[in-house]
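Working through the structure, step by step
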Amino acid sequence: MTTDGNPGDPAATIALLWGTRQLPRRGPKHGLTPARIVDAAVEVADTEQDLATLSMRRVAESLGVGTMSLYTYVSSRAELVEAMVDAVYGEAVAELSEIDADDWRDGLRRVAAVNWAMHLRHPWLLQVFTGRPTLGPNAIAKYDLELAVIDGVGLSDVEMDSTITLVTTHVEGLARRKVEAARVVRQTGMTDQQWWAATAPALAEVYEPRRFPVADRVGAAAGQTHQAPYSLDHEYAFGLDRLIEGIAALVNRSAE
């Protein structure tokens, strides 16, 4: 899992993620640690809110060391990104460990909330290509804890896996839109309300409501309710409720 398609060295990546990499015994005393480098990289990415600008040189500068000194601990940028993801998942693990819901529906809502907060705290996470999973201890622990909230409710193991994927991808998709919306505001210096106020007069000159009757009616109702063109927080809650209703139907069908 990388941002550039470079798989790196799988064995070296696993060793970094699980803390089994052997450092050279000779040479100067080690002033860095893999964990310190990963924490610094996460801080850089959080500050810049853009993974594209992250480089080994930039991380080294933040630590006050030479770039080449990082390669004793981390073999490549791709490997560093995997370790960053697993470190962030560690935060989620701590929060998921506190879930003690009597109802699996509440448990899934907590799972969604933890993932929502994680993506908004670390928006660069949404820029990581996730076609292949991170195989670090925190990533696996996160998956295990998420599954635990629906274990024993009557779903098959495959259905449990699909349920967690369904919920987390719903959250990830809306978090991506929310992060991008915030990025547009920063780049343009205009809020959504300011953009709409500037755009509406020009649109009014060409827009004919009779051509789009359903869109006009529904759009007006949504705009009045949200006092904005859309509300991602509403879409997050609405979609999650519908997903849980569907999962409940599956659970009930399995029970029958």
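Criteria and cut-off values
Residues numbered from 1 in each chain as written. Predicted model: local features only at pLDDT ≥ 70, side-chain atom pairs only at ≥ 80, totals over all residues. Heavy atoms only, no water. Patch = residues over 30% accessible without salt bridge, like charges linked within 9 Å, V, L, I, M, F, W, Y side chains within 5 Å. Areas by Shrake-Rupley, 256 points an atom, 1.4 Å probe, with all protein chains shown as cover. Salt bridge = Lys/Arg side-chain N within 4 Å of Asp/Glu carboxyl O. Helix = DSSP H or I, 4+ residues; strand = E, 2+ residues; numbered from the N terminus. Buried < 20%, exposed > 50% of the residue type's maximum accessible area, 1.4 Å probe, protein only. Phe/Tyr/Trp six-rings, centres within 6.5 Å; stacked < 30°, edge-to-face > 60°. Lys NZ or Arg CZ within 6 Å of the ring centre and 35° of its normal. Core = buried A, V, L, I, M, F, W, Y, C linked by side-chain atoms within 4.5 Å. Contact = heavy atoms within 4.5 Å.

Together, M190, W195, W196, L203, V206, Y207 and F212 make up a nonpolar patch on the protein surface, roughly 650 Å² of accessible area in all. Relative to the assigned elements, Y207 resides in the loop between α9 (192–206) and α10 (213–226). Overall, the relative accessible area of 30% leaves Y207 in the partly exposed class.

All right, on to the pattern of salt bridges then. On inspection of all chains with the given rule, the structure shows 11 salt bridges. The partner of R57 in a salt bridge is E61, and the shortest N-O contact between them spans 2.5 Å. Of the two residues, R57 and E61 are both situated in helix α3 (residues 56–63); the distance of 4 residues between them amounts to about one turn of the helix. Of the residues examined, E61 reaches a relative accessible area of 46% and is grouped as partly exposed. As a salt-bridge pair, K178 and D233 come within 3.4 Å of each other at their nearest N and O atoms. Residue K178 is found in helix α8 (residues 157–188), and its partner D233 is found in helix α11 (residues 232–255); the two are separated by 55 residues along the sequence. In this structure K178 comes out as partly exposed when scored by relative accessible area, which is 26%. Salt bridges here are not isolated pairs; linked through shared partners, they connect E91, E95 and R121.

Another point: unusual backbone geometry. Positive phi is not limited to glycine here, since Q49 has a value of about 50°. Its location among the elements puts Q49 in the loop between α2 (34–48) and α3. Classification of Q49 by relative accessible area gives partly exposed; the value is 28%. For Q227, which is not glycine, the phi torsion reads 55° and is therefore positive. Position of Q227 among the secondary structure elements: in the loop between α10 and α11.

Take the environment of D151 next. One can find D151 in the loop between α7 (137–148) and α8. What makes D151 exposed here is its relative accessible area of 55%.

Each pair of aromatic rings is reported with the distance of its centres and the angle of its planes. The full count for this structure, using the stated rule, is 3 aromatic pairs. Measuring from centroid to centroid gives 6.0 Å for Y207 and F212, while their planes differ by 5°, and the two rings are stacked. With a relative accessible area of 35%, F212 lands in the partly exposed category. When the ring centre of Y230 is taken as origin, the NZ or CZ atom of R177, which lies over that ring, is 5.4 Å away. Its end group placed over the ring of F238, R242 keeps NZ or CZ at 4.8 Å from the ring centre.

In terms of nonpolar packing, the biggest core is built from 59 residues, with I37, V59, L80, M84, L108 and W124 touching the most fellow members. Of all the elements in the fold, those that place two or more residues in this core are α1 (10–18), α2, α3, α5 (77–96), α6 (104–121), α7, α8 and α11. Contacts of W124, omitting those with residues within four sequence positions, involve V42, A45, D46, D50, L51, M84, V85 and V88.

On to the side chain of E79. With respect to the secondary-structure elements, E79 resides in helix α5. On the accessibility criterion, E79 (3% relative accessible area) is buried. Contact partners of E79, with chain neighbours within four places excluded, come to A12, T13, L16, R21, Y73 and V74.

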